[in-house]
Amino acid sequence: MSDNPVRGRLNAWLLQTLDGYMHQKYAAIKSGLLADVPAVVVELGSGTGANMRYLPAGTRLIAIEPNRQMHAALRAQATNHGIDLQLHDLMAESLDMPSDSVDLVFATLVLCTVDQPQRVIAEVLRVLRPGGRFVCIEHVAAPAGSGERVLQQTIRQPWHWLFEGCNLCRDTGAVLRSAGFSHVDVQPIILPTLLVPIRHQIIATCVK
Ligand SMILES: C[S@@+](CC[C@H](N)C(=O)[O-])C[C@H]1O[C@@H](n2cnc3c(N)ncnc32)[C@H](O)[C@@H]1O
């Protein structure tokens, strides 16, 4: 992640502007993925708090969010949704919680952007209790040879610059499958969205 204040603010503004649209696209998927959450959960890259609406009021959310331009909106969303927010201003590559201490870690549209996805997932595995879950929704590389893959390859550099490190061509499913979880379920989907470069996504549930 770069920490450019102008692009940081732009990305915070974009997330907030697109919040209603994204909620419309993801509501059913996220409601399923975040059903039955424990009282304390960890979210990587919480952004401006798009996922708080899916958590029961009173949930303690440990939000790992290194972009300070997102923090005011995150705090406001926590107040709106009755979430007990613990904001950790750090990168998910080095989590500050003890090993074997967490029941659920989740992330949406984050493993595309972290600098070192393998290291982030190793950290997730470290902090999860045995039997604990990591769930995520991520956009991924479109199938090789497809028009969408060509588009992703063509715009990947300006996209990476504009969206602070977002990589359109990651095979995040492969990262999850090779990480050492005891169980990994990766469902590919095509999100019906006009945001064509990120239509190819995965919904993943991984158990330590
Ligand atoms: C595309 S936004 C997604 C935000 C939110 N999860 C959502 O679905 O609306 C990616 C988020 O990941 C955060 N991020 C980038 N690199 C990160 C890292 N190494 N560790 C944790 N979060 C990171 C960014 O600051 C940003 O808030």
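Before going into details, it helps to say that this report is about the structure given with it. (Residues numbered from 1 in each chain as written. Predicted model: local features only at pLDDT ≥ 70, side-chain atom pairs only at ≥ 80, totals over all residues. Heavy atoms only, no water.)

Let's talk about the layout of surface pockets
Alright, step 1. Of the voids in this model, the largest pocket is the one considered here, and its volume is about 910 Å³.
Alright, step 2. Lining the largest pocket are 40 residues, with Leu-15, Thr-108, Leu-109, Cys-112 and Thr-113 sitting closest to its centre.
Alright, step 3. When contributions to the lining of the largest pocket are tallied by element, the ones reaching two or more residues are helix H1 (5-17), helix H2 (19-33) and strand E1 (40-44).
Alright, step 4. By residue number, the principal contributor to the lining of the largest pocket is H2, which donates four residues.
Alright, step 5. The residue inventory of the lining of the largest pocket, partitioned by class, reads 22 nonpolar, 11 polar and seven charged. (1 Å grid on protein atoms, 1.4 Å probe; cavity = no way out; pocket = protein on both sides within 12 Å on 5 of 7 lines; lining within 4 Å. Points joined across faces, edges and corners; volume = space filled by probe spheres on them. Helix = DSSP H or I, 4+ residues; strand = E, 2+ residues; numbered from the N terminus. Nonpolar A, V, L, I, M, F, W, Y, C, P; charged D, E, K, R; others polar.)

Thoughts on the site of the ligand
Alright, step 1. Contacts to the ligand come from 19 residues, most closely from Gly-45, Glu-65, Ala-92, Glu-93 and Thr-108.
Alright, step 2. Within the backbone of Gly-45, an N or O atom sits 2.8 Å from a nitrogen atom of the ligand.
Alright, step 3. Here a nitrogen atom of the ligand sits 2.8 Å away from a polar atom, N or O, in the side chain of Glu-93.
Alright, step 4. Put simply, the ligand lies in the largest pocket. (Near = heavy atom within 4 Å. Polar contact = N/O pair within 3.5 Å; in protein donor to acceptor, adjacent residues only side chain to side chain. Sits in = over half its atoms within 2 Å of the grid points.)

Quick word on the nonpolar core
Alright, step 1. In terms of nonpolar packing, the biggest core is built from 30 residues, with Leu-44, Ile-64, Val-105, Phe-134, Leu-176 and Phe-181 touching the most fellow members.
Alright, step 2. Those elements that place two or more of their residues in this core are E1, strand E2 (60-64), strand E4 (102-108), helix H4 (117-127), strand E5 (128-139), helix H6 (172-177) and strand E7 (200-207).
Alright, step 3. The dominant element in this core, judged by the number of residues it contributes, is H4, at five residues.
Alright, step 4. With sequence-adjacent residues up to four places away left out, Leu-176 is seen in contact with Leu-111, Ile-121, Phe-134, Cys-136, Phe-181, Val-184, Ile-202, Ala-204 and Cys-206.
Alright, step 5. With 28 residues, the next largest nonpolar core counts Leu-34, Trp-159, Cys-166 and Ile-203 among its residues. (Core = buried A, V, L, I, M, F, W, Y, C linked by side-chain atoms within 4.5 Å. Buried < 20%, exposed > 50% of the residue type's maximum accessible area, 1.4 Å probe, protein only. Contact = heavy atoms within 4.5 Å.)

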